[in-house]
Amino acid sequence: MKKTLLTVAIAALSAFSYAQVDSKFGVKAGLNYNANGDYFESAGEAARNPDRNVGYHIGFFGQVGSRVYIRPELVYTSISSEYDNDDFKMQKLDLPLLIGTKIIGPLHVFGGPAFQYILDTEYDGITISDVRNDFTIGLNLGAGINLGKLGIDLRYERGFSDNEASFINTNVTTVPQSRIDTRPDQLILSFSLTL
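Residues numbered from 1 in each chain as written. Predicted model: local features only at pLDDT ≥ 70, side-chain atom pairs only at ≥ 80, totals over all residues. Heavy atoms only, no water.

Some remarks on the overall build of the protein chain
Next up, step 1: Across its full length, the protein chain holds two helices and 12 strands.
Next up, step 2: Counted from the first residue to the last, the protein chain has its helices and strands arranged as α-β-α-β-β-β-β-β-β-β-β-β-β-β.
Next up, step 3: A buried classification covers 43% of the 195 residues belonging to the protein chain.
Next up, step 4: Taking as baseline every contact in the protein chain between residues at least 6 positions apart, the subset at least 24 positions apart corresponds to 64%.
Next up, step 5: Of the accessible surface of the protein chain, which amounts to about 10,300 Å², a share of 61% is contributed by carbon and sulfur atoms. (Helix = DSSP H or I, 4+ residues; strand = E, 2+ residues; numbered from the N terminus. Buried < 20%, exposed > 50% of the residue type's maximum accessible area, 1.4 Å probe, protein only. Contact = heavy atoms within 4.5 Å. Areas by Shrake-Rupley, 256 points an atom, 1.4 Å probe, with all protein chains shown as cover.)

With respect to the packing of aromatic side chains
Next up, step 1: Applying the stated criterion across every chain yields a total of two aromatic pairs.
Next up, step 2: Between Phe 25 and Phe 60, the aromatic rings sit 6.1 Å apart at their centres with planes inclined by 15 degrees, giving stacked as the arrangement. Note that Phe 25 is positioned in strand β1 (residues 23-34) and Phe 60 in strand β2 (residues 54-64), a separation of 35 residues in sequence.
Next up, step 3: Classification of Phe 60 by relative accessible area gives partly exposed; the value is 40%.
Next up, step 4: With centroids separated by 6.3 Å and ring planes inclined at 50 degrees, the aromatic side chains of Tyr 56 and Tyr 76 adopt a geometry described as tilted. With a gap of 20 residues between them, Tyr 56 in strand β2 and Tyr 76 in strand β3 (residues 68-83) connect regions that are remote in the sequence.
Next up, step 5: By relative accessible area, which is 28% here, Tyr 76 ends up partly exposed.
Next up, step 6: Above the plane of the ring of Phe 61 lies Arg 71, whose end atom (NZ or CZ) is 3.8 Å from the centre. (Phe/Tyr/Trp six-rings, centres within 6.5 Å; stacked < 30°, edge-to-face > 60°. Lys NZ or Arg CZ within 6 Å of the ring centre and 35° of its normal.)

Concerning the pattern of salt bridges
Next up, step 1: A complete count under the given rule lists six salt bridges for this structure.
Next up, step 2: Its salt-bridge partner being Glu 73, residue Arg 71 comes within 2.8 Å of it at the nearest N-O pair.
Next up, step 3: You can call Glu 73 buried: its relative accessible area is 0%.
Next up, step 4: The shortest N-O distance in the salt bridge between Glu 157 and Lys 92 comes to 3.2 Å. Here Glu 157, found in strand β9 (residues 150-159), pairs with Lys 92, found in strand β4 (residues 86-104); they are 65 residues apart in sequence, far enough to count as distant.
Next up, step 5: Overall, the relative accessible area of 1% leaves Lys 92 in the buried class.
Next up, step 6: It is possible to trace a salt-bridge network through shared partners that takes in Lys 28, Arg 71, Glu 73, Asp 153 and Arg 155. (Salt bridge = Lys/Arg side-chain N within 4 Å of Asp/Glu carboxyl O.)

Thoughts on empty space enclosed by the protein
A probe matching the size of a water molecule, rolled over the atoms, marks out where space remains unfilled.
Next up, step 1: Summed over all chains, the structure comprises four cavities of 30 Å³ or more.
Next up, step 2: Counted as a void, the largest cavity has a volume near 80 Å³.
Next up, step 3: Along the walls of the largest cavity sit Lys 28, Asn 32, His 57, Glu 73, Val 75, Thr 77, Asp 94, Pro 96, Asn 140, Arg 155, Glu 157 and Ile 188, which together make up its complete lining.
Next up, step 4: Looking at the lining of the largest cavity, the elements with two or more residues in it are β1, β3, β4 and β9.
Next up, step 5: It is β3 that provides the largest number of residues to the lining of the largest cavity, a total of three residues.
Next up, step 6: In terms of residue class, the lining of the largest cavity is built from three nonpolar, four polar and five charged.
Next up, step 7: The space that makes up the second largest cavity amounts to roughly 50 Å³.
Next up, step 8: Lining the second largest cavity are Lys 24, Phe 61, Gln 63, Arg 71, Asn 146, Gly 148, Lys 149, Leu 150, Gly 151, Ser 192 and Thr 194.
Next up, step 9: Of all the secondary-structure elements, those providing two or more residues to the lining of the second largest cavity are β2, β9 and β12 (185-194).
Next up, step 10: Its residues assigned to classes, the lining of the second largest cavity comprises two nonpolar, six polar and three charged. (1 Å grid on protein atoms, 1.4 Å probe; cavity = no way out; pocket = protein on both sides within 12 Å on 5 of 7 lines; lining within 4 Å. Points joined across faces, edges and corners; volume = space filled by probe spheres on them. Nonpolar A, V, L, I, M, F, W, Y, C, P; charged D, E, K, R; others polar.)

What follows is the structure in structure tokens.
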């Protein structure tokens, strides 16, 4: 599944980067604020401890069109959350397929589906192998500003389907199996450079 997703992503980015005059290609990176499960439930905790659920992302994008555009992206994302004072970390590949439009001057808005493949999960040092769905679909909505070759955008990402990981405490055999909601729910700040 990993190879298929990566092949489709590279083919889509290649096709879009060579498509027409109004096409461009570039790199992007930035920070993510993550909450697995209920994002708004953790807002109070975030105010008290703002660096608690911060992650990062890095990747590539292609864009076809100018006034109205299609923008596929391939992004490696590392996110972390806290459950009962223990850290939950997840690495994933994201393939957002965004449709956007310019509003006024350099300001643009966009949205679209994001296909996600979970590469690895870890809960308090324990690698979790039992994630219900490695491949999920989410939604990206956001706005950005382009200043020449540089761009900045802020988006909200939400997983469509419930997804959870389970683990067993191997130190104490009487503790029942536990589950963690791995559905991403993020605010994403990205900086981009058109090549």
